[in-house]
Amino acid sequence: MRRLLLLSLLLLPGGAAVAPAPLPASAGAFHLTREPGLSAGVQAALADLPRGVRVGILLREVGGGPVLEAQEPDGAFIPASTTKLVTAASVLHGVGGAGARGRRS
């Protein structure tokens with residue numbers, strides 16, 4: 001019964017229909033910018049990566065300046081520093097700890 005009442009109110013001329021408010025003049029003034037690609041040097045450095053490896057790069061000027069180079073800047077990746085910590089921990093575990101020199105267990 002409530003659905004029927006709601007539908008009838010929406011279908012009545014001038015009933016619940018409200019015209020959208022006009023946009024302010026400044027609302028139409030926006031600029032879309034495309035992220036810059038990668039330079040030839042960075043592309044060459046990434047050319048030998050194994051298949052299936054994803055790389056995200058975001059290079060901008062110090063202090064939050066403009067983006068200089070970008071490739072998948074919004075991608076979800078494991079930061080390289082985290083990967084380095086896990087690698088270092090596994091190496092230390094393999095040699096018997098931080099105090100061990102050259103001996104393997």
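Structure first, text after, so check above.
Residues numbered from 1 in each chain as written. Predicted model: local features only at pLDDT ≥ 70, side-chain atom pairs only at ≥ 80, totals over all residues. Heavy atoms only, no water.

Engineer: Break down the overall build of the protein chain for me, with residues and values.
Structural biologist: Regarding its fold elements, the protein chain presents three helices and two strands. Counting helices and strands in the order they occur from the N terminus, the protein chain gives α-α-β-β-α. Per-residue burial for the protein chain yields a buried fraction of 8% across its 105 residues. Restricting the contact set of the protein chain to residue pairs at least 6 apart, pairs at least 24 apart contribute 29%. If you sum the accessible surface of the protein chain, you get close to 9,500 Å²; carbon and sulfur atoms cover 63% of it. (Helix = DSSP H or I, 4+ residues; strand = E, 2+ residues; numbered from the N terminus. Buried < 20%, exposed > 50% of the residue type's maximum accessible area, 1.4 Å probe, protein only. Contact = heavy atoms within 4.5 Å. Areas by Shrake-Rupley, 256 points an atom, 1.4 Å probe, with all protein chains shown as cover.)

Engineer: I'd like a rundown of unusual backbone geometry, residues and numbers included.
Structural biologist: One non-glycine residue, E72, adopts positive backbone phi at about 45°. Note on placement: E72 falls in the loop between β2 (67-71) and α3 (80-95). Residue E72 is classed as partly exposed on the basis of its relative accessible area, which comes to 39%.

Engineer: Give a detailed account of the environment of D74, specifying residues and quantitative values.
Structural biologist: As for its position among the elements, D74 is in the loop between β2 and α3. By relative accessible area, D74 is classed as exposed at 76%. When the C-alpha positions of D74 and I57 are compared, they lie 9.1 Å apart, and in sequence the two are 17 residues distant.

Engineer: Describe the pattern of salt bridges, with residues and values.
Structural biologist: Tallied over the full model, the rule gives one salt bridge. Notably, a salt bridge pairs R54 with E72, separated by 3.2 Å at the nearest N-O pair. Of the two residues, R54 is situated in the loop between α2 (40-46) and β1 (57-60) and E72 in the loop between β2 and α3; the sequence distance between them amounts to 18 residues. (Salt bridge = Lys/Arg side-chain N within 4 Å of Asp/Glu carboxyl O.)

Engineer: Quick one: what's the story with α3, residue by residue and with numbers?
Structural biologist: With 16 residues, α3 ought to run about 22 Å at 1.5 Å a step, and its terminal C-alpha atoms sit 23 Å apart, in line with that. Phi for G96, located one or two positions after α3, is positive at around 95°. (Expected span 1.5 Å × (residues − 1).)

Engineer: Now, about the pairing of β1: what can you tell me, with residues and values included?
Structural biologist: Bridging between β1 and β2 involves four bridges; their strand directions are antiparallel. Residue L59 lies in a different strand from β2, and its bridge partner there is E69. Hairpin connection from β1 to β2: six residues lie between these consecutive antiparallel strands, with G63 at a positive phi of about 85°. (Pairing = 2+ DSSP bridges.)

Engineer: Describe the side chain of E69, naming the residues involved and giving the relevant values.
Structural biologist: Counting through the fold element by element, E69 comes out in strand β2. Among buried Asp, Glu, Lys and Arg side chains, E69 stands out as unpaired, with R60 the closest opposite charge at 13 Å. Side chain to side chain, E69 and S39 meet in a polar contact 3.1 Å long. (Lys, Arg positive; Asp, Glu negative; His and termini not counted. Polar contact = N/O pair within 3.5 Å; in protein donor to acceptor, adjacent residues only side chain to side chain.)

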